[in-house]
Amino acid sequence: MTTAAFAASVLLLAGCGESDPGGAAEEGNTADEATQEAIDLMDEGKVATETGEEEVVVDAVDNNFKPKYIEVSKGTAVRFVNEGRNIHNVLPVQEGAFEPIEADEFDPEDEDVIVFDEVGEFPYYCSLHGTKTKGMIGGIRVVE
Ligand SMILES: [Cu+2]
């Protein structure tokens, strides 16, 4: 019984992971525009400098990320902590740019770490309280 239940849950998990429709590439233009717009917003905004740290914390509150924009060094672990009363998520604006934090693993007081190993600009958003460029949005700028 236990073994069967375990096997079933593994199958469920495997099924979840393969939910990528695979057709996203054909809508590349739209995605790129949103990404560029989100990066522009970050460039125009106030970016907190947190370079030289091994780990940096970003709080998800209701309904903002604090700090909204940060600049970190390559290889920094960014710890997202849900300090709000609501469920949130952390999704990259550019799909696949980093591993998303899904809502079902980001209840109040939950936390998750994403390591940013590549230089670049990584805007993200909470799809429950925002869009790719409005509302509950944030961004990580990774420098050498
Ligand atoms: Cu949210």
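Treat the numbers as computed from the prediction; the structure is a model and nothing was measured. (Residues numbered from 1 in each chain as written. Predicted model: local features only at pLDDT ≥ 70, side-chain atom pairs only at ≥ 80, totals over all residues. Heavy atoms only, no water.)

(A) Structural detail: the environment of aspartate 40. Note that aspartate 40 resides in helix α2 (residues 28-44). For aspartate 40, a relative accessible area of 32% translates into the label partly exposed. Between the C-alpha atoms of aspartate 40 and threonine 133, which are 93 residues apart in sequence, the distance is 9.8 Å. (Helix = DSSP H or I, 4+ residues; strand = E, 2+ residues; numbered from the N terminus. Buried < 20%, exposed > 50% of the residue type's maximum accessible area, 1.4 Å probe, protein only.)

(B) Layout of the coordination of the copper ion. The protein atoms that coordinate the copper ion are His88 (ND1), Cys126 (SG), His129 (ND1) and Met136 (SD), at distances spanning 2.0 to 2.6 Å. Between the donor residues of the copper ion, the gaps in sequence give the motif H-x37-C-x2-H-x6-M. For histidine 129, a relative accessible area of 26% translates into the label partly exposed. (Donors = N, O, S within 2.8 Å, 3.2 Å for Na, K, Ca; no water.)

(C) Just the sheet that holds strand β5 (residues 76-82), in detail. Taken in spatial order, the four strands make up an open sheet running β3-β2-β5-β7, and their pairing is mixed. Whereas interior strands pair on both sides, the edge strands pair on one side only; in this sheet they are β3 (64-66) and β7 (111-116). On average, each strand axis in the sheet is tilted by 25 degrees relative to the strand beside it, whichever way the strands run. Direction of pairing for β5 relative to β7: antiparallel, over a ladder of six bridges. Pairing of phenylalanine 80 across the sheet is with aspartate 112, part of β7. (Pairing = 2+ DSSP bridges. Axes fitted to C-alpha atoms, helices over the stretch in contact; angles between N-to-C directions.)

(D) Region of the structure containing the pattern of salt bridges. Taken as a whole and assessed by the stated rule, the structure comprises six salt bridges. Note that glutamate 55 is salt-bridged to arginine 79, the shortest N-O span being 2.7 Å. Of this pair, glutamate 55 sits in strand β2 (residues 55-61) while arginine 79 sits in strand β5, placing them 24 residues apart in sequence. Measuring nitrogen to oxygen at the nearest pair gives 2.5 Å for the salt bridge that ties glutamate 111 to arginine 79. Of the two residues, glutamate 111 is situated in strand β7 and arginine 79 in strand β5; the sequence distance between them amounts to 32 residues. (Salt bridge = Lys/Arg side-chain N within 4 Å of Asp/Glu carboxyl O.)

(E) The arrangement of the confidence of the model for the protein in detail. Confidence in the prediction of the protein, expressed as mean pLDDT, is 86, and 78% of residues score 70 or more. Scored below 50 in pLDDT, residues 1-28 makes two contacts in the model with residues more than four places away or belonging to other chains. (pLDDT = per-residue confidence, 0-100. Contact = heavy atoms within 4.5 Å.)

(F) Expanded view of the packing of aromatic side chains. Scanning all chains against the criterion turns up six aromatic pairs. Their ring planes at 80 degrees and their centres at 6.5 Å tell us that phenylalanine 65 and phenylalanine 80 sit as a pair that is edge-to-face. In this pair, phenylalanine 65 is assigned in strand β3 and phenylalanine 80 in strand β5, connecting sequence segments 15 residues apart. Pair check on accessibility: phenylalanine 65 and phenylalanine 80 agree, each one buried. Here phenylalanine 80 and tyrosine 124 contribute two aromatic rings whose centre-to-centre distance is 5.3 Å and whose plane-to-plane angle is 90 degrees, an arrangement assigned as edge-to-face. Highlighted residues: phenylalanine 80 in strand β5 and tyrosine 124 in strand β8 (residues 120-130), separated in sequence by 44 residues. (Phe/Tyr/Trp six-rings, centres within 6.5 Å; stacked < 30°, edge-to-face > 60°.)

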